[in-house]
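Secondary and tertiary structure notes
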Amino acid sequence: MSVFSRTTRVRAPWLCVAFLLIAGIVGCTVKSGGYNTTSPPRIRFFNAAYDIGAVDIDIATIQTLRTLGYENSASYVNAPSGTQTVSIMQAGTTPVILQTPVDFANGQRYTQVLYGRPNAPRALTVVDNIELPGSGQYKLRFLNAATEMGPLDLYVTAFGDSLDTATPTLANVALGGASDFVLLNSSSVELRIVAAGTKTVVYDSGQITPSERNAYSFVAYSRGDPALVNGELLTLDTLGSGAAVNSTLAKFRVLDAVVGAPTINLALDGNAVVAGAAYGITTPYGTTGGGAHTITVQYPSAPGTNVLTGSSSFPPGGDSTFVVLGTAAAPIGIALQDANFLPTTPGAARLRVVNASNALGSVKTFVNGTLTVATLLSTTASLYFELPAASYTVTFVDATSSATTLDIPGLALAAGHTYTLFLIGAPGQAAYVLTQDR
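Residues numbered from 1 in each chain as written. Predicted model: local features only at pLDDT ≥ 70, side-chain atom pairs only at ≥ 80, totals over all residues. Heavy atoms only, no water.

A look at the overall build of the chain
- Tallying secondary structure elements over the chain gives zero helices and 35 strands in all.
- Of all 438 residues assigned to the chain, the portion counted as buried reaches 47%.
- Sequence-distant contacts, at least 24 apart, represent 60% of the contacts inside the chain between residues at least 6 apart.
- Accessible surface for the chain amounts to roughly 18,800 Å². Of this, 54% is attributable to carbon and sulfur atoms. (Helix = DSSP H or I, 4+ residues; strand = E, 2+ residues; numbered from the N terminus. Buried < 20%, exposed > 50% of the residue type's maximum accessible area, 1.4 Å probe, protein only. Contact = heavy atoms within 4.5 Å. Areas by Shrake-Rupley, 256 points an atom, 1.4 Å probe, with all protein chains shown as cover.)

As structure tokens, this is what we get:
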């Protein structure tokens, strides 16, 4: 079933007392002595803020939602009428990271999209009430919540049509902005997003079929790649339905960390994509399909013989690193989701640490003698953190024995860049790989 499948509209009849029914009353509103009864305002939320994480939401003093995770949308909830403050906190905490006033009107429905970075959270609020179209048509608007992206164009075309001579369906929607609605004929289509004024595709829905007699908000949001976005479809029904429309595009790179195997070849779904990747070297990011893939690894010295076969999923609209590690006799693979945002602090660098070895055990990471990353298990990654641009001594210490696993003097981190520091190798052969990811 298409992600655009129509949700049956639920109609809750309001029973009005017969003697109060008079001509001209719309929506069964009853007014007497200042008392006003009508359908209350309603609002739903979509969390598009990757590194803010799960959030709690209050409206005025009312606890409204708890632990709304990244890429999750919540159905409509009732809100008090009038101008109210919507407060957003990181889940389980009390400090408010963002407050926005919303003028709630009786009978109206709203959507608020959270986006931005921890130091600059933002919210885009739109009104959802709209007259639904008739048979064979649907309405669509475009919301840009793609953190670190500029204005975007949206193309709605027949599947496979070239964009070379096409005109954007909705053009030049700025970050934090929303387009007007357009009325479109219901048929199988392809949605593509490009940087405004270009033909460079940063999102591709593949073939989808919108449902007739419906209206939608299509949200572009970021998964951490500076040149890709993903999409969320919010249906303007009475429930507040929402579903991801994942991009067919993703990016990934490969790190050869196999001890004793100088180079590797790697194929996705039977198609060769990496040839002769050298030990301790990461390949550049390449574009592939988002979602699940079958991965096979061979050694150039034994073409046709798979030494590793498995499956991995690359986040649509995002970046991944696939690390092949272990020994030449028993290689294994791990997939890491990369978040290549810029540092939030001026003059800082952004860094994460990956224990890309299954032979060195758990480690702690010290930066200039200060414990910075607590126990990091084998084949796992730390969270990203920021440091002032400088050269550092980074020391990996065995989490059990406190013996030094590897000492790295003079590790240079430049301002305005994002890095990954990989610990690779085996006992007596520990090494590191530092990659500038952005």
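Now that the structure has been shown, we can carry on.
Some words on the environment of Ile-424
- Positionally, Ile-424 belongs in strand β34 (residues 418-424).
- In this structure the C-alpha to C-alpha distance between Ile-424 and Thr-85, which are 339 residues apart in sequence, comes to 49 Å.
- Setting aside chain neighbours within four positions, we find Ile-424 in contact with Leu-255, Ala-257, Tyr-279, Gly-280, Ala-356, Ser-357, Leu-360, Gln-429, Ala-430, Ala-431, Tyr-432 and Val-433.

Examining the nonpolar core
- With 24 residues, the main nonpolar core has Leu-140, Phe-142, Leu-154, Ile-193 and Phe-218 as its most contacted residues.
- Secondary structure elements with two or more residues in this core: β11 (137-145), β12 (152-157), β13 (170-173), β14 (182-185), β15 (189-195), β16 (201-208) and β17 (214-221).
- Discounting chain neighbours no more than four positions away, the residues touching Phe-142 are Leu-152, Asp-153, Leu-154, Leu-170, Val-173, Gly-177, Ala-178, Ser-179, Ile-193, Phe-218 and Ala-220.
- Core analysis: the next-biggest nonpolar cluster, separate from the first, contains 20 residues, Val-363, Val-367, Phe-396 and Ile-408 among them. (Core = buried A, V, L, I, M, F, W, Y, C linked by side-chain atoms within 4.5 Å.)

A word on the sheet that holds strand β26 (residues 319-327)
- The four strands are arranged β23-β20-β26-β27 in an open sheet whose pairing can be described as mixed. Of all strands in the sheet, those with a lone pairing partner are β23 (286-289) and β27 (330-338), marking the two edges. The sheet shows a mean angle of 35° between the axes of neighbouring strands, taken without regard to direction.
- Sheet analysis places strand β20 (residues 249-259) next to β23, joined by four bridges and oriented antiparallel. Within the sheet, the bridge partner assigned to Ala-250 lies in β23 and is Thr-288. (Pairing = 2+ DSSP bridges. Axes fitted to C-alpha atoms, helices over the stretch in contact; angles between N-to-C directions.)

Some thoughts on the environment of Val-55
- You can see Val-55 is positioned in strand β4 (residues 55-59).
- Overall, Val-55 belongs to the buried group, its relative accessible area being 1%.
- Each C-alpha atom, one on Val-55 and one on Ser-211, is 32 Å from the other, the two residues being 156 residues apart in sequence.
- Beyond its immediate sequence surroundings of up to four residues, Val-55 is in contact with Asn-47, Arg-66, Thr-67, Leu-68, Ile-88, Met-89, Gln-90, Ala-91 and Leu-114.

Some words on the pairing of strand β5 (residues 62-68)
- Here β4 runs beside β5; their pairing, made up of four bridges, is antiparallel. Each residue of the ladder has a partner; that of Ile-59, found in β5, is Ile-62.
- Here β4 hands over to β5 after two residues, with Ala-60 in that stretch at a positive phi of 55°.

Here we look at the pattern of salt bridges
- Here the structure, examined in full by the defined rule, presents eleven salt bridges.
- When the shortest N-O distance is used, the salt bridge between Arg-223 and Glu-71 registers 2.5 Å. Pair noted here: Arg-223 is in the loop between β17 and β18 (230-235) and Glu-71 is in the loop between β5 and β6 (73-78), with a separation of 152 residues, a long-range link.
- Since its relative accessible area comes to 8%, Arg-223 is described here as buried.
- Note on Glu-71: relative accessible area 24%, which makes it partly exposed.
- Notably, a salt bridge pairs Asp-128 with Arg-141, separated by 2.6 Å at the nearest N-O pair. Of this pair, Asp-128 sits in the loop between β10 (120-127) and β11 while Arg-141 is found in strand β11, placing the two residues 13 residues apart along the sequence. Summarising the burial analysis for this pair, Asp-128 and Arg-141 share the class buried.
- Where salt bridges share partners, they join Asp-51, Arg-117, Glu-148 and Arg-438 into one cluster. (Salt bridge = Lys/Arg side-chain N within 4 Å of Asp/Glu carboxyl O.)

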